Amino acid sequence: MAVSSRIAAVAAVVGALIGCFTAYVLGVTPSDIGMGLWGYNPVLCMIALGGLAPIIFDWRKAVLAIYGSVFCTVFVGAFLTLLAPVGSLIDMAFLLCDNPFCWCSAILRRDCFAPSGYF
């Protein structure tokens, strides 16, 4: 990723750190965090909201991208809790994939990039 865009690479690293820290604060076990399931969606969200638009990037979009990564991590936790009676964490990881990222980035990107009065 660093070859194609240094900004997206930095956003990916920051998103992974935010996702892991948020999961740790939520009480997730370090072994689950170490598997990478809690950092994947925040990385995607951080890149989508803050790493792909360097020309129009400002402090507001940086705050939105950080908020999006935290929100995405919390959303993953809520989704796993909701689906916990169905199966284990490994089984749910394949079910979840990037679903929380899609919902979080669609909700937050709409507020950030839509023209005023569009929605």
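Look above for the structure.
Remember, it's a predicted structure, so these values are computed and weren't measured experimentally.

What counts and how
- Residues numbered from 1 in each chain as written.
- Predicted model: local features only at pLDDT ≥ 70, side-chain atom pairs only at ≥ 80, totals over all residues.
- Heavy atoms only, no water.
- Helix = DSSP H or I, 4+ residues; strand = E, 2+ residues; numbered from the N terminus.
- Buried < 20%, exposed > 50% of the residue type's maximum accessible area, 1.4 Å probe, protein only.
- Contact = heavy atoms within 4.5 Å.

Visitor: Got a sec to walk through the environment of Pro42? Specific residues and values, please.
Guide: Positionally, Pro42 belongs in helix α3 (residues 37-51). We classify Pro42 as buried; its relative accessible area is 1%. Residues Pro42 and Ser69, spaced 27 residues apart in sequence, show a C-alpha to C-alpha distance of 4.3 Å. Other than its neighbours up to four places away in sequence, Pro42 contacts Gly15, Gly19, Ser69, Cys72 and Thr73.

Visitor: How would you explain the side chain of Thr73 if you had to name every residue and give the values?
Guide: Within the secondary structure, Thr73 is located in helix α4 (residues 59-83). Residue classification places Thr73 among the buried positions, given a relative accessible area of 0%. Setting aside anything within four residues of it in sequence, one finds Thr73 in contact with Gly19, Thr22, Ala23, Leu26, Trp38 and Pro42.

Visitor: Before we move on, can you summarise the environment of Leu26 with the specific residues and values?
Guide: On the secondary structure map, Leu26 appears in the loop between α1 (6-25) and α2 (30-34). Among the residues examined, Leu26 registers a relative accessible area of 47% and is labelled partly exposed. For the pair formed by Leu26 and Gly77, sequence separation is 51 residues and the distance between their alpha carbons is 8.3 Å. Setting aside residues no more than four positions away along its own chain, Leu26 makes contact with Thr73 and Val74.

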